[in-house]
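Descriptive structure summary
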Amino acid sequence: MDLAYSLPCWLSIRTVLSSPDTSFSVVQMNMVELPEDLDASRPAKRPSAIDELRLRNQVRMMLIGYGISLLLPAIKTNGNFGTIWGFAAFVGSMLALMDYYPYWLANPIFLTGLFFFYRRRWKYAAVCGFAASILALSVPVMMNREASRLMAPPGTISSPLLGYYVWLACPTLLSIFAIRNWFLFNTDTPSSKAC
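Residues numbered from 1 in each chain as written. Predicted model: local features only at pLDDT ≥ 70, side-chain atom pairs only at ≥ 80, totals over all residues. Heavy atoms only, no water.

**A word on unusual backbone geometry**
For the record, the criterion: The secondary structure listing takes helices from DSSP runs of H or I that are at least 4 residues long and strands from runs of E that are at least 2 residues long, numbered from the N terminus.
Its identity as a non-glycine residue notwithstanding, arginine 120 has a phi of 65°, on the positive side. Along the chain, arginine 120 turns up in the loop between helix 4 (106-118) and helix 5 (122-149).

**Focus: a nonpolar patch on the surface**
For clarity, the cut-off: Patch members must show over 30% relative accessible area and no salt bridge, and they are joined within 9 Å when carrying like charges or within 5 Å when they are nonpolar side chains of Val, Leu, Ile, Met, Phe, Trp or Tyr. Surface accessibility in these figures is a Shrake-Rupley result with a 1.4 Å probe; residues are shielded only by whichever protein chains are displayed. We define a salt bridge as a side-chain nitrogen of Lys or Arg found within 4 Å of a carboxyl oxygen belonging to Asp or Glu.
Taken together, the side chains of Phe87, Val91, Met94, Leu97 and Leu105 define a hydrophobic patch exposed on the protein surface, amounting to about 390 Å² of accessible area. Structurally, phenylalanine 87 can be placed in helix 3 (residues 86-96).

**Looking at the nonpolar core**
Rule in force here: The term nonpolar core refers to a set of buried residues drawn from Ala, Val, Leu, Ile, Met, Phe, Trp, Tyr and Cys, joined through side-chain atoms within 4.5 Å. In this scheme, a residue with accessible area under 20% of its type's maximum is buried, one over 50% is exposed, and one in between is partly exposed, where area comes from a 1.4 Å probe on protein chains only. Only heavy atoms enter the contact rule, under which two residues are in contact if any of them lie within 4.5 Å.
Membership of the largest hydrophobic core comes to 27 residues, with the highest contact counts inside it found for Met62, Tyr103, Ala106, Phe110, Phe117, Trp167 and Leu174. For this core, the elements supplying multiple residues, two or more each, are helix 2 (49-71), helix 4, helix 5 and helix 6 (162-185). Leave out the neighbours within four places in its chain, and alanine 106 touches Ala132, Leu135, Ala136 and Trp167.

**Some points on the side chain of glutamine 58**
As a reminder of what qualifies: Whenever two N or O atoms come within 3.5 Å, that pair is a polar contact, provided that in protein one can donate a hydrogen and the other can accept it, and provided that, for residues adjacent in sequence, both atoms are side-chain atoms.
Along the chain, the position of glutamine 58 falls in helix 2. Taking the relative accessible area as the measure of exposure, glutamine 58 reaches 5% and is therefore buried. For glutamine 58, the side chain forms a polar contact with the side chain of asparagine 181, separated by 3.1 Å. Apart from the residues within four sequence positions on either side, glutamine 58 is in contact with Phe117, Phe177, Arg180 and Asn181.

**Let's talk about the pattern of salt bridges**
Oppositely charged side chains can form a pair if their charged atoms are brought close together. Under the counting rule described, the total for this entry stands at 2 salt bridges. For arginine 54, the salt bridge identified is with aspartate 51, shortest N-O distance 3.0 Å. Taken together, the residues span about one helical turn, with arginine 54 and aspartate 51 both in helix 2 at a distance of 3 residues. For arginine 54, a relative accessible area of 35% corresponds to the partly exposed category. For the salt bridge of arginine 120 with glutamate 52, the shortest nitrogen-to-oxygen distance reads 2.5 Å. Within this pair, whereas arginine 120 is found in the loop between helix 4 and helix 5, its partner glutamate 52 is found in helix 2, the two being separated by 68 residues in sequence.

**Some details on helix 3**
Residues separated by three or four positions in an α-helix point in the same direction, a consequence of the helix having 3.6 residues per turn. Test applied: Arc, as used here, means the arc of the directions from the helix axis to the C-beta atoms.
Turning to helix 3, its buried residues number three or more, namely Gly86, Ala89, Ser93 and Ala96. All buried residues of helix 3 fall inside an arc of 65° around its axis, so they share one side. Along helix 3, exposed side chains directed more than 90 degrees from the buried face belong to Phe87 and Leu95. Packing partners of the buried residues in helix 3 comprise helix 2, strand 3 (73-76) and strand 4 (83-85).

**Here we look at the packing of aromatic side chains**
Test applied: Centres within 6.5 Å make a pair out of two Phe, Tyr or Trp rings, where for Trp the six-membered ring is used; the pair is then stacked when the planes are under 30 degrees apart, edge-to-face when over 60, and tilted otherwise.
Taken as a whole, this structure holds 10 aromatic pairs when the rule is applied. Their ring planes at 50° and their centres at 5.8 Å tell us that phenylalanine 90 and tryptophan 104 sit as a pair that is tilted. Residue phenylalanine 90 is found in helix 3, and its partner tryptophan 104 is found in the loop between helix 3 and helix 4; the two are separated by 14 residues along the sequence. By relative accessible area, tryptophan 104 is classed as buried at 15%. Relative to phenylalanine 183, the ring of tryptophan 182 has its centre 5.5 Å away and its plane inclined at 20°; by these criteria the two rings are stacked. Among the residues examined, tryptophan 182 registers a relative accessible area of 30% and is labelled partly exposed. Each member of the aromatic cluster is reached from another via a ring pair, and the members are Phe87, Phe90 and Trp104.

Written out as structure tokens, the structure is:
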């Protein structure tokens, strides 16, 4: 562990007087103040009014996309269910948690990421968006695994539709926007003004 990161100040040690014929030395120690943010290459940029509007529009775009995904057809099955719409897939996959299918957890993780995005905690928002995207990508894999486990006849395997892809785009956009804003504003602290 680097002590410079764990101490509020660092000791500067230098030899003041040293005798060549003996091993005796006088050492002077000074306390040197370190900057608060050691890895900051540039100061944090405060969002302008246009940036504030852009942040609000990014949140709106993700929420509207999420809402639209609930109204679109999400999954097509050739079995008994036919086409499953987004809201029915949302409710049905919540019940799939009991069977240890974790893909429904993408929903609360995405909403938590939106909260962090709203509070300008870019790192946490990016991590939540990435985790929700990975969980959302597991839907077709889990459904095909379940169909093969049940030895379903050929042609009954489900396929994702437009609602699924819109739902998948929301946490992906959350990750992209959070990483972009993290680099753009170079800060990860909550501001006094929320979007």
